[in-house]
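Report on the structure
What follows is the residue order along each chain.
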Amino acid sequence: MSINIIIYILAFIFGAIIGSFSNVVIYRLKIAKNGKANINLSGRSKCPHCKKELTIFELIPILSFVFLSARCAKCKKPISWQYPLVEIISGILTVIPLYFLGFSNIYAYLVILILYLFIVIFFYDLKNFIVPDVALYPLFFLILVFDIIKLAKHDVILLNLFIGTLIGGGLFLILVYFSREKWMGWGDVKLGFLLGLLLAYPYIIVSHVMAFIIGAVISLILIGFRGKTLKSEVPFAPFLVLAATITLFWGQMIINWYFRGF
Ligand SMILES: [Zn+2]
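Note that the coordinates shown come from a computational prediction; the quantities given were computed from them, not determined experimentally.

**Some points on the confidence of the model for the protein**
With 97% of its residues at a pLDDT of 70 or more, the protein has an overall mean of 92. Confidence, expressed as mean pLDDT per element, reaches its minimum in the protein at strand 2 (residues 37-38) with 87 and its maximum at helix 5 (residues 133-152) with 97.

Okay, here's the thing in structure tokens:
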């Protein structure tokens, strides 16, 4: 086996372990009505049904879920698919930046950390319809470091960062302000600004358009299959971070493809 394959496998395992911690954050983080976040990280994870404390063998990322056949060892109630899903996605998103950007590329490691926060935002908003600030602060910090390095390496110009940030959050700011948070929330505005700061112009446009398209398609599917109405709350941050992730890796390709016929 080549040394690269071994590193990719180790990277995947590392990512899956981080994913297992992300699951804890996604499940235990509570945000009060006044916006105060509270997370209790003490105590072992328990089965949500019978409160049985999980042993070390029940906490192995992905594998425990498979060996337990997706059921609690004691009460046999089903374990949520979200656990292994987050761990697998976290593993894959650790490998992808290393694969595309290379082991010696500082961007790869920053992108991996950014993607870990994207995963938390994706699943937390999906479950609770709120973008947690506790994930946005470290995201802001990582994106700042990312941008400073990009500016220093002349991989982006300041003007494009500025325009990207304005576009990234500006449109949502107007939407939220005039709809009084009916169509989307302030969390989406903050996230929008951060994604603009991350992707810069013109990529932020690609990302946001893609988020709207994915969001519209998924909403129509939900309306068709689940009898949700147009008024049902659909979280938007998952589409935003999904589109931003795709744009981070394939943004240039998408732009080239789109303008090929012009
Ligand atoms: Zn149980």
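**Things to note about the nonpolar core**
Across soluble globular proteins, you tend to see nonpolar side chains buried next to one another. Counting residues in hydrophobic clusters, the biggest one holds 59 residues, and the most contacted among them are Ile121 and Leu240. Taken together, the elements giving at least two residues each to this core come down to helix 1 (3-28), helix 3 (82-101), helix 4 (106-128), helix 5, helix 6 (158-179), helix 7 (186-199), helix 8 (203-226) and helix 9 (237-258). Considering every element that reaches this core, the biggest residue donor is helix 4, with 14 residues. Per-domain counts for this core show at least three residues from each of domain 1 (1-104) and domain 2 (133-262). Other than its neighbours up to four places away in sequence, Ile121 contacts Val131, Ala135, Leu191, Ala237 and Val241.

**A short note on the environment of Leu41**
Here Leu41 is to be found in the loop between strand 2 and helix 2 (63-67). Residue class for Leu41 comes out exposed when judged on the 9 C-beta atoms lying within 10 Å of it. Along the chain, Leu41 and Arg28 lie 13 residues apart, while their C-alpha atoms are 7.5 Å from each other.

**Some points on helix 6**
When the terminal C-alpha atoms of helix 6 are compared, their 32 Å separation across 22 residues agrees well with the 32 Å that a helix rising 1.5 Å per residue should span. Bending of helix 6 peaks at approximately 25° at the position of Gly169. Looking only at helix 6, the buried set comprises Leu161, Gly164, Thr165, Ile167, Gly168, Gly169, Phe172 and Val176. If you follow the buried residues of helix 6, they end up packed against helix 5, helix 7 and helix 8.

**Structural notes on the environment of Leu54**
Positionally, Leu54 belongs in the loop between strand 2 and helix 2. A sequence separation of 39 residues divides Leu54 from Gly15, and the C-alpha atoms of the two residues are 21 Å apart.

**Topic: helix 3**
When the terminal C-alpha atoms of helix 3 are compared, their 28 Å separation across 20 residues agrees well with the 28 Å that a helix rising 1.5 Å per residue should span. Of all the positions in helix 3, only Tyr83, Pro84, Val86, Glu87, Ser90, Gly91, Leu93, Thr94, Ile96, Pro97 and Leu98 are classed as buried. Those residues of helix 3 that are buried lie in contact with helix 1, helix 2, helix 4 and helix 9. Of the residues flanking the end of helix 3, it is Gly102, one or two places downstream, whose phi is positive at about 95°.

**Quick look at the packing of helix 7 against helix 9**
Describing two packed helices takes the angle between their axes plus the distance from one axis to the other. Put simply, helix 7 and helix 9 touch, their axes get as near as 10 Å, and they point 5° apart. In terms of axis orientation, helix 7 runs roughly parallel to helix 9. Facing Gly187, Asp188, Leu191, Gly192, Leu195, Leu198 and Leu199 of helix 7, the residues of helix 9 in contact are Ala237, Leu240, Ala244, Thr247 and Gly251. The residue makeup of the contact of helix 7 with helix 9, split by class, is seven nonpolar, four polar and one charged.

**Focus: unusual backbone geometry**
Phi is mostly negative for residues that are not glycine, and the peptide bonds are mostly trans. Here the bond from Tyr201 into Pro202 is cis, since omega is 5°, no more than 30 degrees from zero. Its place among the elements puts Pro202 in the loop between helix 7 and helix 8. Even without being glycine, Ile62 reaches a positive phi, approximately 60°. Residue classification places Ile62 among the buried positions, given that 20 C-beta atoms sit within 10 Å. Although it is not a glycine, Ala200 adopts a positive phi angle of roughly 65°. With respect to the helices and strands, Ala200 occurs in the loop between helix 7 and helix 8. Taking the C-beta count within 10 Å as the criterion, Ala200 has 25 such neighbours and is therefore assigned buried.

The rules behind these values
Residues numbered from 1 in each chain as written. Predicted model: local features only at pLDDT ≥ 70, side-chain atom pairs only at ≥ 80, totals over all residues. pLDDT = per-residue confidence, 0-100. Helix = DSSP H or I, 4+ residues; strand = E, 2+ residues; numbered from the N terminus. Core = buried A, V, L, I, M, F, W, Y, C linked by C-beta atoms within 7 Å. Buried ≥ 20, exposed ≤ 12 C-beta atoms within 10 Å, placed from the backbone. Domains from an automatic or database assignment. Contact = placed C-beta atoms within 7 Å. Expected span 1.5 Å × (residues − 1). Bend = angle between axes of the 7 residues up to and from the residue. Axes fitted to C-alpha atoms, helices over the stretch in contact; angles between N-to-C directions. Parallel < 35°, antiparallel > 145°, perpendicular 65-115°, else oblique. Nonpolar A, V, L, I, M, F, W, Y, C, P; charged D, E, K, R; others polar.

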